[in-house]
Amino acid sequence: MKLRFRGQHLMLLGGSCQLGQELIPLAQENGLTVHATHASPTGAQTLRRLLPETSIHHLDLGDPASVAAWAAHPLQLDYLVDLAHSTTEGLLLSLDPDQTQAQWLAMGARRQTVLQAVGRAMLARRFGRMLYVSSTAAACPAPGQGLYCALKRAIEGLYLTLGVEMAARGITTVVLRLGLAHAGRGAAFAQAHPHLPTVSPADAAALMLYLLSDQAQSIQSTLITHDSGLLAHKYPWNTK
Amino acid sequence: MEHQVITIIAEIFDLPPEDITPTTYLFRDLGAESIDLLEIGVAIQHRLGLPVREDVLFLRDMRLHLMEVEAQGRSPETVLAAAYPHLSRERIAEILSDRDAGPVLQVRDLVAYVQHVTQPCASPSPALAS
């Protein structure tokens, strides 16, 4: 099947992660012009291997000045894939309060500022498609991932509501809950638990691209789980 | 500015521009909903390149501002002039006499806002701003 895209410009929020690195060439092969944000020099260096300098943008959700500057002049985008995520882990009762507040500000409030800027620019042209890459951690709590789970659920709420509010004006949204992947924070865990079902980064990227395409526009303001059946099994730890 | 604002509103409501006048009411005549106002705000921001404070542009919170009148012992004209500095003294008087009939927002209020942010020094109601 050949994917069709009504729009042209795609931005990956937090695009230097491994999933972003998989998605960038795939999107380019399908004719999209890709932009990506990074929050660190390392992320910028990664993106420079994949994108021209003019398509690489600094956006650090942890830095209010960075978010304000970006929101004041948002790019004219057709597609947004949101891959930015918190890395804070720990038992809820032991998390540092200041760090917890900073994470809510960065991942929640400042992300909403970015979403508003992107969404308003899309509304001006009455077209936009947003994909939030969430996690099965949002569906199924795990010890040490309470903050991660709560943030994911909160952000899912932002995207799902945005899709409901703006669909009549051409902006649609979808949330992808990814399971255990051999990428990023999940890679080491997957390696240590080889009996658990996993998703390959390449397959995840292919599904993301499909979800952006014209053919998938009716998948709207809803959640999709892509986890190779991880959450379907009552006793996944015993599936050897 | 009036022409540009009317053009934006006509496009959003899918109406001929000649059907819209400065005294057209956004809610009473056009049946505007919150998403329509959002789209008007976005069009003013992106097409006209102007900063938009939607609470001011759409005269939101007017009821709350008027509640301050009793709480603070200030005149309603003074309170509204401070909240909506783009409105003239005459327009504020009209709004106060018209509000019992329904939502007061008119096209000319949006035009006044656009003119005000374009020329911020030309405050239409300096006598009431204190």
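The notes below deal with the structure included here. Because the structure is a prediction, the values reported are computed rather than measured.

**Considering the interface of chain B and chain A**
Alright, step 1. Counting from both sides, the interface comprises 10 residues of chain B and, opposite them, 9 residues of chain A.
Alright, step 2. Taken together, the links from chain B to chain A amount to 4 salt bridges.
Alright, step 3. The salt bridge involving Glu39 of chain B is made with Arg126 of chain A; its shortest N-O contact spans 2.5 Å.
Alright, step 4. Inspection of the chain B/chain A interface yields 5 residue pairs in polar contact (both at pLDDT 80 or more).
Alright, step 5. Here the side of chain B that touches chain A takes 8 residues from helix 2 (residues 34-47) of chain B, the largest share from any one element.
Alright, step 6. Residues belonging to the side of chain B that touches chain A are distributed by class as follows: 4 nonpolar, 3 polar and 3 charged.

**Some words on the pattern of salt bridges**
Alright, step 1. By the definition in use, this model includes 15 salt bridges over all chains.
Alright, step 2. Across the salt bridge formed by Arg60 of chain B and Glu54 of chain B, the nearest N and O atoms sit 3.8 Å from each other.
Alright, step 3. We classify Arg60 of chain B as partly exposed; its relative accessible area is 31%.
Alright, step 4. Given the relative accessible area of 15%, Glu54 of chain B is considered buried.
Alright, step 5. A network of salt bridges, in which partner residues are shared, links Arg120 of chain A together with Glu54, Asp55 and Arg60 of chain B.

**What to know about the nonpolar core**
Residues and elements named next belong to chain B.
Alright, step 1. Counting residues in each nonpolar core, the largest one holds 40 residues, and the members touching the most others are Ile9, Leu26, Ile40 and Leu110.
Alright, step 2. Top element by residues in this core is helix 1 (residues 2-13). It accounts for 7 residues.
Alright, step 3. Ignoring anything within four residues of it in the chain, the contact list for Ile40 reads Ile8, Ile9, Ile12, Phe13, Leu26, Phe58 and Leu110.

**Some thoughts on helix 1 (residues 18-29) of chain A**
All names here are of chain A.
Alright, step 1. Between its first and last C-alpha, helix 1 extends 18 Å over 12 residues, near the 16 Å set by a 1.5 Å rise per residue.
Alright, step 2. Packing partners of the buried residues in helix 1 comprise strand 1 (9-13), strand 2 (33-38), helix 2 (41-48), strand 4 (79-82), strand 6 (171-178) and helix 7 (201-212).
Alright, step 3. Positive phi appears at Gly31, one or two residues downstream of helix 1, with a value of about 90 degrees.

Cut-off values and rules
- Residues numbered from 1 in each chain as written.
- Chains lettered and ligands numbered in written order.
- Predicted model: local features only at pLDDT ≥ 70, side-chain atom pairs only at ≥ 80, totals over all residues.
- Heavy atoms only, no water.
- Contact = heavy atoms within 4.5 Å.
- Salt bridge = Lys/Arg side-chain N within 4 Å of Asp/Glu carboxyl O.
- Polar contact = N/O pair within 3.5 Å; in protein donor to acceptor, adjacent residues only side chain to side chain.
- Helix = DSSP H or I, 4+ residues; strand = E, 2+ residues; numbered from the N terminus.
- Nonpolar A, V, L, I, M, F, W, Y, C, P; charged D, E, K, R; others polar.
- Buried < 20%, exposed > 50% of the residue type's maximum accessible area, 1.4 Å probe, protein only.
- Core = buried A, V, L, I, M, F, W, Y, C linked by side-chain atoms within 4.5 Å.
- Expected span 1.5 Å × (residues − 1).

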